[in-house]
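# Breakdown of the fold
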Amino acid sequence: MSKNTPKAIRGTQDIFGADAEAFAFVVETFERVRKLYRFRRAEFPVFEKTEVFARSLGETTDVVSKEMYSFEDRGGESLTLRPEFTAGIARAYLTNGWQQYAPMKIATHGPLFRYERPQKGRYRQFHQIDAEIIGAPDPQADVELLVMADQLLKELGINDVTLHLNTLGDAESRQAWRAALIEYFRAVKEELSEDSRDRLEKNPLRILDSKDRKDKPFLADAPKIDEFLSGEARDFFTAVTSGLDAAGVKWVRAESLVRGLDYYRHTAFEFIPDEGSASADALGSQSTVLGGGRYDGLMESLGGPATAAVGWAAGIERLAMLVGERHAEPLEAMVLVEHDDGLGIAIELLAILRAGGIVSDIVAWGSVKKRYDKAVKQAPRHILRVNETGYYEITGNGSTERIEAAINQRADQ
Ligand code: ATP
Ligand code: MG
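Here is what the cut-offs are and how they apply
Residues numbered from 1 in each chain as written. Chains lettered and ligands numbered in written order. Predicted model: local features only at pLDDT ≥ 70, side-chain atom pairs only at ≥ 80, totals over all residues. Heavy atoms only, no water. Pairing = 2+ DSSP bridges. Helix = DSSP H or I, 4+ residues; strand = E, 2+ residues; numbered from the N terminus. Axes fitted to C-alpha atoms, helices over the stretch in contact; angles between N-to-C directions. Contact = heavy atoms within 4.5 Å. Buried < 20%, exposed > 50% of the residue type's maximum accessible area, 1.4 Å probe, protein only. Polar contact = N/O pair within 3.5 Å; in protein donor to acceptor, adjacent residues only side chain to side chain. Core = buried A, V, L, I, M, F, W, Y, C linked by side-chain atoms within 4.5 Å. Patch = residues over 30% accessible without salt bridge, like charges linked within 9 Å, V, L, I, M, F, W, Y side chains within 5 Å. Areas by Shrake-Rupley, 256 points an atom, 1.4 Å probe, with all protein chains shown as cover. Salt bridge = Lys/Arg side-chain N within 4 Å of Asp/Glu carboxyl O. Lys, Arg positive; Asp, Glu negative; His and termini not counted. Charge placed at Lys NZ, Arg CZ, Asp CG, Glu CD. Parallel < 35°, antiparallel > 145°, perpendicular 65-115°, else oblique. Nonpolar A, V, L, I, M, F, W, Y, C, P; charged D, E, K, R; others polar.

### A look at the sheet that holds strand β12 (residues 333–337)
The pairing of strands in a sheet happens through backbone hydrogen bonds and is either parallel or antiparallel. On the basis of which strands lie adjacent, the open sheet formed by four strands has the order β13-β12-β14-β15 and mixed pairing. Here the strands that pair on one side only, and so sit at the sheet edges, are β13 (360–363) and β15 (392–396). The average angle at which neighbouring strand axes cross in this sheet is 20 degrees, direction not considered. Helix-sheet contacts for helix α13 (residues 343–355) involve β12, β13, β14 (382–386) and β15, and the interaxial angle to β13 is about 165 degrees. Set on the sheet, helix α15 (residues 401–412) makes contact with β12, β14 and β15; between it and β15 the angle comes to about 155 degrees.

### A few points about the side chain of Thr307
Counting through the fold element by element, Thr307 comes out in the loop between α11 (298–301) and β11 (309–315). Looking at Thr307, the relative accessible area reads 7%, which means it is buried. A distance of 2.7 Å separates a polar side-chain atom of Thr307 from the backbone oxygen of Pro305. Those residues within four positions of Thr307 in sequence are excluded, and the remaining contacts are Tyr93, Ile134, Gly135, Tyr295, Asp296 and Met299.

### Quick word on the sheet that holds strand β6 (residues 125–134)
As summarised here, the arrangement of the eight strands in space is β1-β5-β6-β11-β10-β9-β7-β8, forming an open sheet in which the pairing is mixed. The open sheet is flanked by β1 (40–41) and β8 (251–253), the only strands paired with a single partner. In the sheet, strand β10 (residues 290–294) pairs with β11 via five bridges, with the strands oriented antiparallel. When the bridges of β11 are listed, Gly291 appears paired with Ala313. The strands touched by helix α5 (residues 139–155) within the sheet are β5 (104–113), β6, β7 (161–167), β9 (265–273), β10 and β11, with β11 carrying the most contacts at an inclination of about 15 degrees. Across the sheet, helix α9 (residues 231–247) is in contact with β7, β8, β9 and β10; its angle to β7 comes to roughly 160 degrees.

### A few points about the nonpolar core
Counting 50 residues, the largest nonpolar core has Trp177 and Phe185 as its most contacted members. Listing elements by their share of this core, those giving two or more residues are α2 (50–57), α3 (62–67), α4 (86–95), β5, β6, α6 (171–186), α8 (216–219) and α11. Ranked by the residues each element gives to this core, the list is headed by α4, at five residues. Beyond its immediate stretch of four places on either side in the chain, Trp177 contacts Leu168, Leu205, Leu208, Pro223, Lys224, Ile225, Phe228 and Val258. Counting 46 residues, the second largest nonpolar core, distinct from the first, contains Val27, Ile133, Leu152 and Val289.

### Comments concerning the environment of Tyr123
Note on placement: Tyr123 falls in the loop between β5 and β6. You can call Tyr123 buried: its relative accessible area is 17%. Distance from Tyr123 to Thr95, taken between C-alpha atoms, is 31 Å for residues 28 residues apart in sequence. Residue contacts for Tyr123: discarding those within four places in its chain leaves Gly11, Gln13, Arg114, Glu317 and Met321. Only 3.4 Å separates the side chain of Tyr123 from the backbone nitrogen of Gly121, close enough to count as a polar contact.

### Side note on a negative patch on the surface
On the surface, Glu194, Asp195, Asp198 and Asp212 cluster together into a negatively charged patch. Residue placement: Asp198 occurs in helix α7 (residues 194–202).

### A few points about the pairing of β14
The buried count for β14 comes to four of five residues, which makes it a mostly enclosed element. Here β14 pairs with β15 via five bridges, running antiparallel. Within β15, the position partnered with Leu384 by the bridge is Ile394. Here β14 folds back onto β15, and the loop between the two strands holds five residues, one of which, Gly390, carries a positive phi near 90 degrees.

### Regarding the pattern of salt bridges
Evaluation of the coordinates by the stated rule reveals 21 salt bridges. Where Asp296 meets Arg294, a salt bridge forms, and the shortest distance between an N and an O atom there is 2.9 Å. The partner of Glu338 in a salt bridge is Arg385, and the shortest N-O contact between them spans 2.7 Å. You can see Glu338 sitting in the loop between β12 and α13 and its partner Arg385 sitting in strand β14, a full 47 residues away along the chain.

### With respect to the packing of α13 against α15
A pair of packed helices can be characterised by two numbers: the angle between their axes and the separation between those axes. Across the interface, α13 lies against α15 with an axial gap of 9 Å and an inter-helix angle of 105 degrees. Here α13 lies roughly perpendicular to α15, going by the angle between them. Only Ile403, Ala406, Ile407 and Arg410 of α15 make contact with α13, whose side of the interface consists of Leu349, Ile352, Leu353 and Ala355. The residue inventory of the contact of α13 with α15, partitioned by class, reads seven nonpolar, no polar and one charged.

Quick look at the structure:
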């Protein structure tokens, strides 16, 4: 690399090899599971007007105040690379008149952008899988999403993470809780971390989420949401937990789990590696793999009608770190061209194998003497040696039944 070769941007990744296989496995498994649950696939723009995020997430959140990639385009409009999916999906729901599909089950995945300090499991361009149910006031929607998340993690082979569940109550309960938190933390304001002193009047719930040593001593005795829940909010939460129990999803109550964004109501949750587990070792301090909740107030903040909705997102890179080593599909057949006159037949053979669903490849170039070694190096199950007359011979281990069936099927046509 010469000195004037541009470097990659800090916090971005070029994903290849085993990491890329693990990444693809996460996405493929998500695609399979979302179909089982009848979520419809959708794609969304990578950038939106800045106000889409500023108004949905709230100006006081870390994402809006510190982490957004915002820029003016050539027309002078302020745009932002999406830092999360939900706000853009809500915008799409409103601008496309998707109310007609409610309750609308949507799944997507792709890149997100946040200006954060890069470290293990934390990047400036990262990727998420995302699932949302929009226009669904019923707690059954929360249950559906959580059962799907649980099944997805199991199908990824991740069995040492647990659902941490909380309720933030309805608007009324949340307001009362917020006031009590401000009163409680105001009394110890001088002893709090600088960040938390900042959050105190603007976003006191976030103090509960603090990882700062200075704040920790005050967290345990802070007022709990349960003291402020309205009867309705309590019933909603009970319906969610009973649904989870009925579906066999393990969960623990996490009273101080608040989630970073302003728009959450009722259910809030995160799947977190169990203490001392292999997944906890792999992820270090970046421990949430999947998080989400209910955001009934979001559509109104974008000027739309009140619309109940719930969703979650999971970091693909963090999941990929937990799925263990993934390998490419094994190579079933290698077509080896032993003489250049056999090339035409070999290419035909290769096309037939691939059309028949056989994972196959070809070695047809370079020194004839070295081709055999090149073929063997790829560790194929079988080698199909094609000579100058186009005659071929299959060698290797195990049954050649699938290969022969593919060839015969074509011959029959
Ligand atoms: P954290 O507390 O780790 O900053 P968050 O609350 O900001 O997470 P969400 O906005 O809920 O994260 O995003 C959901 C998931 O996306 C996270 O649980 C994580 O798996 C992943 N994620 C979030 N930010 C990043 C990042 N910068 N790099 C990689 N993955 C990320
Ligand atoms: Mg964050």
